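# Geometric and topological summary
Each chain, letter by letter, is given below.
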Amino acid sequence: MNTRNLRFRSNRVRDIASLFHEELDGMYGSGEVGVFLDMLFEAFLGWDKVRLLTSREQTIDQSDLLRFHWALEDLKQSRPIQHIIGYTDFCGCRIAVSPDVLIPRPETEEIVQWIISTFNIQHSAFNILDLCTGSGCIAIALKKAFPAADVTAVDVSPKALEMARQNAQNNGVEVRFVEGDVLGGVDGVNGQYGLIVSNPPYVMEKERAQMQRNVLDYDPALALFVPDDDPLRFYNAIATIAKEHLADGGLLVVEINEALAAETCAVFKAQGLNPNVHEDFRGKPRWISAQA
Ligand code: GLN
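The following paragraphs examine the structure supplied in this document.

The rules behind the values
- Residues numbered from 1 in each chain as written.
- Predicted model: local features only at pLDDT ≥ 70, side-chain atom pairs only at ≥ 80, totals over all residues.
- Heavy atoms only, no water.
- Phe/Tyr/Trp six-rings, centres within 6.5 Å; stacked < 30°, edge-to-face > 60°.
- Helix = DSSP H or I, 4+ residues; strand = E, 2+ residues; numbered from the N terminus.
- Buried < 20%, exposed > 50% of the residue type's maximum accessible area, 1.4 Å probe, protein only.
- Lys NZ or Arg CZ within 6 Å of the ring centre and 35° of its normal.
- Near = heavy atom within 4 Å.
- Polar contact = N/O pair within 3.5 Å; in protein donor to acceptor, adjacent residues only side chain to side chain.
- Areas by Shrake-Rupley, 256 points an atom, 1.4 Å probe, with all protein chains shown as cover.
- Nonpolar A, V, L, I, M, F, W, Y, C, P; charged D, E, K, R; others polar.
- Pairing = 2+ DSSP bridges.
- Axes fitted to C-alpha atoms, helices over the stretch in contact; angles between N-to-C directions.
- Contact = heavy atoms within 4.5 Å.

## Observations concerning the packing of aromatic side chains
For the structure shown, the criterion picks out eleven aromatic pairs. A centroid spacing of 6.3 Å and a plane angle of 80 degrees characterise the contact between phenylalanine 20 and phenylalanine 68, whose relative ring orientation is edge-to-face. With a gap of 48 residues between them, phenylalanine 20 in helix α1 (residues 13-28) and phenylalanine 68 in helix α4 (residues 62-76) connect regions that are remote in the sequence. Taken individually, phenylalanine 20 and phenylalanine 68 each receive the classification buried, so the pair is uniform in this respect. Aromatic pair phenylalanine 44 and phenylalanine 68: ring centres 5.2 Å apart, planes at 80 degrees, arrangement edge-to-face. Here phenylalanine 44, found in helix α2 (residues 30-45), pairs with phenylalanine 68, found in helix α4; they are 24 residues apart in sequence, far enough to count as distant. Taken individually, phenylalanine 44 and phenylalanine 68 each receive the classification buried, so the pair is uniform in this respect. Through pairs of rings, three or more aromatic residues link up here, namely Phe8, Phe20, Phe41, Phe44, Trp47 and Phe68. Looking at arginine 208, its charged tip hangs above the ring of phenylalanine 225, at a distance of 4.2 Å from the centre.

## Some thoughts on the site of the ligand
As a structural note, the neighbourhood of the ligand is formed by Leu102, Arg105, Asn199, Pro200, Pro201, Tyr202, Val203, Val215, Ala223, Leu224 and Glu255. Here an oxygen atom of the ligand sits 2.7 Å away from a polar atom, N or O, in the side chain of arginine 105. The protein chains hide 84% of the 300 Å² of surface that the ligand would expose on its own. In the shell around the ligand, the residues fall into eight nonpolar, one polar and two charged.

## Section: the sheet that holds strand β5 (residues 176-179)
With mixed pairing, the seven strands of this open sheet are ordered in space as β5-β4-β3-β6-β9-β11-β10. Of all strands in the sheet, those bounded by a partner on one side alone are β5 and β10 (275-279). Across the sheet, the axes of successive neighbouring strands diverge by a mean angle of 20 degrees, strand direction being ignored. As judged from the five bridges shared by strand β9 (residues 246-255) and strand β11 (residues 285-291), these two strands associate in the antiparallel manner. Residue pairing for β11: valine 254 is matched across the bridge by isoleucine 288. Contacts between helix α11 (residues 233-245) and the sheet are confined to β3 (127-131), β6 (193-198) and β9, with β9 contributing the most and set at about 165 degrees to the helix.

## A word on unusual backbone geometry
Despite not being glycine, cysteine 91 has its phi angle at roughly 50 degrees, a positive value. Mapped onto the elements of the fold, cysteine 91 is located in the loop between β1 (87-90) and β2 (93-96). In this structure, cysteine 132 is a non-glycine residue whose phi angle is positive, near 65 degrees. Summarising the element assignment, cysteine 132 is placed in the loop between β3 and α7 (137-145).

Nothing here speaks to function; it is geometry throughout.
Structure below.
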């Protein structure tokens, strides 16, 4: 394919950027398209933002141009940028993603940052349990922040666990991964944990209609959806696990569906815990914490 077939006016950085903006701003907004360009130039060429800003007149190789061409086509099809480049950054960890795992969200990153900044590491039983770990992002970021803690992470999907194991290895941390169904009583969860965390599936089937294509078509449904008639099934299971395995003085933290904050709190209250609701950076109720 020559440059003409690729529709770029030239191999010049400024022409690549302007075609991206022309074709994608209507769909994503120009700010987000700028972020995509930053991410693509970093992933494909290893350029940081400053290099990109100061290299507008530079040309890139034809083979690299081809990668930008396909990225543009993929973005027009709502393929997530994280799938195009193969990773996302989460609390300073590079996390590889694929359609087998939920792409880590900034809301979840905020929760982990909150845990890291508030959690008192004086607990005697300082083991960490992450339920429904997916890509492993939470478990890996916590192990990095608390290197002395033993971290166990559970997921029902063997393919997700494969990705999570790879992510732990890439980030140079040791996490014990356990295949198990949180809804079915997990084998391999033993003893007391100073910190239990989870970002379980919580989107109700009836909420599908309001969701974006990039989520519906590319994130695994298994990681997202719960039945309309039992949307808190994971929280009931987590509360039961916490009752047995949360150490005295330990902390439980779960991401929640913003539409079900009160109902989710009630689940933990029923197990004798005292939950607090926290709002995310968008001002939506996004996580519950409870100290044992
Ligand atoms: N926050 C995610 C979304 O809106 C859902 C995550 C989850 O179900 N745990 O797509």
